[in-house]
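Chain residues, written in single-letter form:
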Amino acid sequence: MREPLKIITGRAIPLDRPDVDTDQIMPALHLLRLERSGFGQYAFELWRKDPDFILNDERYAGAPILLASRNFGCGSSREHAAWGIHDLGIKCIIAPSFADIFRANAGSNGMLAIDLPEEQCDILIKRHKERPEAELVVDLEKQKINLSGDGVELEFSVDPFTKDCLLNGLDSIDVTLGALPSIEAHEKKRPGYLPRVKK
Amino acid sequence: MTAPRTIVDKIWDAHLVGKDPLGRDLLYIDMHLMHEVTSPQGFDGLRLSGRRLRRPDLSFAVIDHVIPTCDRKGPWKDEMADRMAEALEKNCRESRITLFGIDDERQGVIHVVAPEQGLVQPGMTIVCGDSHTSTHGAFGTLAFGIGTSEVEHVMATQTLPWKKPKSMAVEMKGRPSRGVTSKDMALEMIRTIGVNGGAGCSIEFQGKAVKDLGMESRMTLCNMAIEAGARSGIVAPDKTTFKYLKKRTFAPSGADWDKAVKAWRELVSDTGAVYEKRVVIDTRSLEPLATWGTTPGQCAAISGKIPDPDDEPDARNRAQMKRALEYMGLKAGMPLEDVKIDCVFIGSCTNGRIEDLRCAARVLKGRRVAGHVRALAVPGSGLVKKQAEKEGLDEIFKEAGFEWREPGCSMCLAMNPDVLGPGERSASTSNRNFEGRQGRGARTHLVSPYTAAASAISGRLADPREYL
């Protein structure tokens, strides 16, 4: 059971670069750890050496929302990338598209990945570049993003199972174990020629 | 009469356990491959929740990412790498998982070792906490990379809640000319459909050019499917597949073999199966390619020039190209063959198999690596190394001036001692040319084993056709 995710309110960091890969989000050198925690300090490590990089802008400090560009999180399957972003306090990432594995990893860590049409993402990126103090309210239950103070509301779609898991803080393994009889039944009918690595 | 199905449809239907209480489709996993980097937190999760690993007999592990490729007698210089290897050994012992450890002559890169052992067979579902798990689709398996939470999920349940991937067909027509490999075919595909062109899809590779490939080359092709954004790639199994599998350690034998082959023969997409996307690539006009930028899609014919960002109409793409050229220290319009390199890396789960080493050796035989170039040959597994030595390939590499190393992920990803320094430039047979992938500030040009070998000799990116 993790903390349920219902409404996310706050500033949004516009990271306007396409194809941000997981080697940028979490350089491989920092995967040499046995824990799940403590990755935030290394997130975007190389880009953060540039003082003009958006994550170094104090005005976005503590923002819970990341506005990204297309194909965010491409490359490696390392969940360490999602752990790092989560460690930075991000609860929601909005982008025109995500890499499939990263999207799953975000969900596994209680982060909401929202796909919006590119035009809408562009509007958000422009808004939050120009007005770093502006806030967004993301309502997962209603599937709406409110551009606070602007009188604009955007709708988004989300996979119903991801929504269920996030809203209720469900443990995915617990849910699956609820189907144990079906798993056992399947195991009985697997072909005998399939490989088994006997120890 | 059932609707025509793709191979993926058939594998999907055969592995669908049912729905879990949330209504998610549960997919049974036939083989869970593991390595030291993405598994420890999964094992920890199991311990913390008091769960047990459900099927040790359907799990298999190697140490590959952090292992040094020389001076590997422990303790290693990198204390953390040492601890990660130890953690995997302990976790596998406790959970009764077979591990090919540091001293095992069969150790190597997981995506080289598993097929080599016959653990990858047509029709299976295979996962690993590694994006290049797509490699195994070469055998007609549904194989995909997963994150560590999913690794833990498979450990505990041997299933994954999964959404069926969309179907996409990439047809490779014709016969490529000499010196053009499946690595070039893969790069051409990525250039054509883009680095997220396969997102949400499983790519089925079809056509004469694919049928003509050996298993090693098919693995290279499927390996790179993830670089086009597809979690899995797949090739219909055929005689080439069966021949590769026969007599492998974990392949079926006797009556089981006949039964298996009968089932495997059914694993072709039905006539009339519908694909949501279809792309055709004519391989007859294909040339050896090399990347010039920082995504695998930023590539061009080795005989060509680096494109000009100012010719790109889209502002965001233009900015991305400019950033890439700046990082790579290159100028628009420059011929690729003028690009001077410092290092050549031949190896990885993409191109570290015996056939890859044979290709490189064909170019290197009787020639010398350019004086300023450091060249590494890293076999993908201990058995690949042994085979290469049996064929005398190691002598060809060494006489040319290559370092002949022990198996591991090596310079593919900068998490072991094989790294490039800032600003250093490589011609590499690996899979990713992202910023910093091979070391901080390092610059990577992705190429085939032929092109890597030719570049080692020339000291610049080079067209291998002049050496064949």
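Scroll up to find the structure.
These remarks concern the structure in this document. Fair warning: this is a prediction, and the values are worked out from it, not measured in the lab. (Residues numbered from 1 in each chain as written. Chains lettered and ligands numbered in written order. Predicted model: local features only at pLDDT ≥ 70, side-chain atom pairs only at ≥ 80, totals over all residues.)

1. Observations concerning the overall build of chain B
Note the cut-off: Secondary structure counts use DSSP, requiring at least four H or I residues in a row for a helix and at least two E residues in a row for a strand, with both numbered from the N terminus. Radius of gyration here uses only the C-alpha atoms, and the compact-globule reference equals 2.2 Å multiplied by the residue count raised to the power 0.38. Exposure classification rests on a simple neighbour count of other C-beta atoms within 10 Å of a residue's own: a residue reaching 20 or more is buried, one at 12 or fewer is exposed, and one in between is partly exposed. C-beta atoms are placed from the backbone. Note on contacts: residues are paired as contacts if their backbone-placed C-beta atoms lie within 7 Å.
A tally of regular secondary structure across chain B gives 16 helices and 19 strands. Here the C-alpha radius of gyration of chain B, 21 Å, is about what a compact globule of 468 residues would show, namely 23 Å. Over its C-alpha atoms, taken along the principal directions, chain B stretches across nearly 60 × 55 × 45 Å. Of all 468 residues assigned to chain B, the portion counted as buried reaches 61%. Pairs at least 24 apart in sequence give 76% of the contacts found in chain B among residues at least 6 apart.

2. A few points about the nonpolar core
This is how it is decided: Residues enter a nonpolar core if they are buried, belong to Ala, Val, Leu, Ile, Met, Phe, Trp, Tyr or Cys, and are joined to the set through C-beta atoms within 7 Å.
The biggest cluster of nonpolar side chains holds 205 residues, and the ones touching the most others in it are A:Leu67, A:Ile93, A:Ile94 and B:Val344. Take this core: its biggest share by element is seven residues, from helix α13 (residues 354–364) of chain B. In contact with A:Ile94, other than residues within four places in its own chain, are A:Ile65, A:Leu67, A:Ala68, A:Ile114, A:Leu116, A:Cys121 and A:Leu124.

3. Comments concerning the sheet that holds strand β2 (residues 25–28) of chain B
Counted only if it meets this: A strand pair is defined by DSSP finding two or more bridges across the two strands. Here, axes are lines fitted to C-alpha atoms. For helices the fit covers the stretch in contact, and angles between N-to-C directions go from 0 to 180 degrees.
On the basis of which strands lie adjacent, the open sheet formed by three strands has the order β1-β2-β8 (chain B) and antiparallel pairing. One side of each edge strand has no neighbouring strand; the edge strands of this open sheet are β1 (16–19) and β8 (159–161) of chain B. On average, each strand axis in the sheet is tilted by 25° relative to the strand beside it, whichever way the strands run. Pairing of β2(B) with β8(B), which is carried by three bridges, proceeds in the antiparallel orientation. Residue pairing across strands places B:Leu26 opposite B:Pro161, the latter belonging to β8(B). Here helix α7 (residues 180–188) of chain A sits on the sheet and contacts β1, β2 and β8 of chain B; the angle it forms with β1(B), its principal contact strand, is near 160°.

4. With respect to the interface of chain B and chain A
Test applied: Under this grouping Gly is polar, as are all residues other than the nonpolar Ala, Val, Leu, Ile, Met, Phe, Trp, Tyr, Cys and Pro and the charged Asp, Glu, Lys and Arg.
Taken residue by residue, the interface counts 72 residues in chain B and 51 residues in chain A. For the side of chain B that touches chain A, the leading source of residues is helix α5 (residues 148–157) of chain B, giving seven residues. Of the residues that constitute the side of chain B that touches chain A, the class distribution is 31 nonpolar, 24 polar and 17 charged.

5. Details of the sheet that holds strand β18 (residues 425–428) of chain B
Adjacent strands of a sheet pair through backbone hydrogen bonds, lying either parallel or antiparallel. Residue and element names in this part refer to chain B. Spatial ordering of the open sheet is given by β17-β16-β15-β18-β19, a layout of five strands whose pairing is parallel. Each end of this open sheet is capped by a strand with a single partner; those strands are β17 (403–404) and β19 (443–446). Two strands pair when backbone bridges link them, and β18 and β19 are joined in this way by four bridges, in the parallel orientation. In the strand pairing of β19, Ser-426 is matched with Thr-444.

6. Concerning the packing of helix α2 (residues 40–49) of chain B against α5(B)
All names here are of chain B. Under the convention used in this document: Comment on the angle field: the value is read as roughly parallel under 35 degrees, roughly antiparallel over 145, roughly perpendicular from 65 to 115, and oblique elsewhere. The hand of a helix crossing depends on one turn: near helix anticlockwise from the far one by less than a right angle means left-handed, and clockwise means right-handed.
The N-to-C vectors of α2 and α5 enclose an angle of 50°; their axes lie 8 Å apart at closest approach. The angle between the axes of α2 and α5 places the two elements in the oblique class. You can see that α2 and α5 cross each other, and the crossing is right-handed. Facing α2, whose interface residues are Gln-41, Gly-42, Gly-45 and Leu-46, α5 presents Thr-148, Val-151, Glu-152, Met-155 and Ala-156. In the contact of α2 with α5, the residues fall into four nonpolar, four polar and one charged.

7. Side note on the environment of B:Trp12
Residues and elements named next belong to chain B. Relative to the helices and strands, Trp-12 is located in helix α1 (residues 7–15). On the basis of neighbour count, Trp-12 is assigned to the partly exposed category, with 19 C-beta atoms found within 10 Å. A C-alpha to C-alpha distance of 9.1 Å links Trp-12 and Gly-123, two positions 111 residues apart in sequence. Trp-12 has contacts with Leu-142 and Lys-164, leaving out every residue within four places of it along the chain.

8. Examining the packing of helix α6 (residues 182–193) of chain B against helix α8 (residues 215–223) of chain B
Residues and elements named next belong to chain B. Interhelical geometry of α6 versus α8 gives an angle of 20° and a closest axis separation of 8 Å. By the angle class used here, α6 and α8 are roughly parallel. Where α6 crosses over α8, the handedness of that crossing is right-handed. Here α6 contributes Ser-182, Lys-183, Met-185 and Ala-186 to the contact with α8, which in turn contributes Ser-217, Arg-218, Thr-220 and Leu-221. For the contact of α6 with α8, the class distribution of residues is three nonpolar, three polar and two charged.

9. Some details on helix α16 (residues 449–458) of chain B
Residues and elements named next belong to chain B. With ten of ten residues buried, α16 is to be regarded as a mostly interior element. Along α16, the residues classified as buried are Pro-449, Tyr-450, Thr-451, Ala-452, Ala-453, Ala-454, Ser-455, Ala-456, Ile-457 and Ser-458. Contacts made by the buried residues of α16 are with β13 (289–291), β15 (343–346), α12 (348–351), α13, β16 (374–377) and β18. Phi for Gly-459, located one or two positions after α16, is positive at around 85°.

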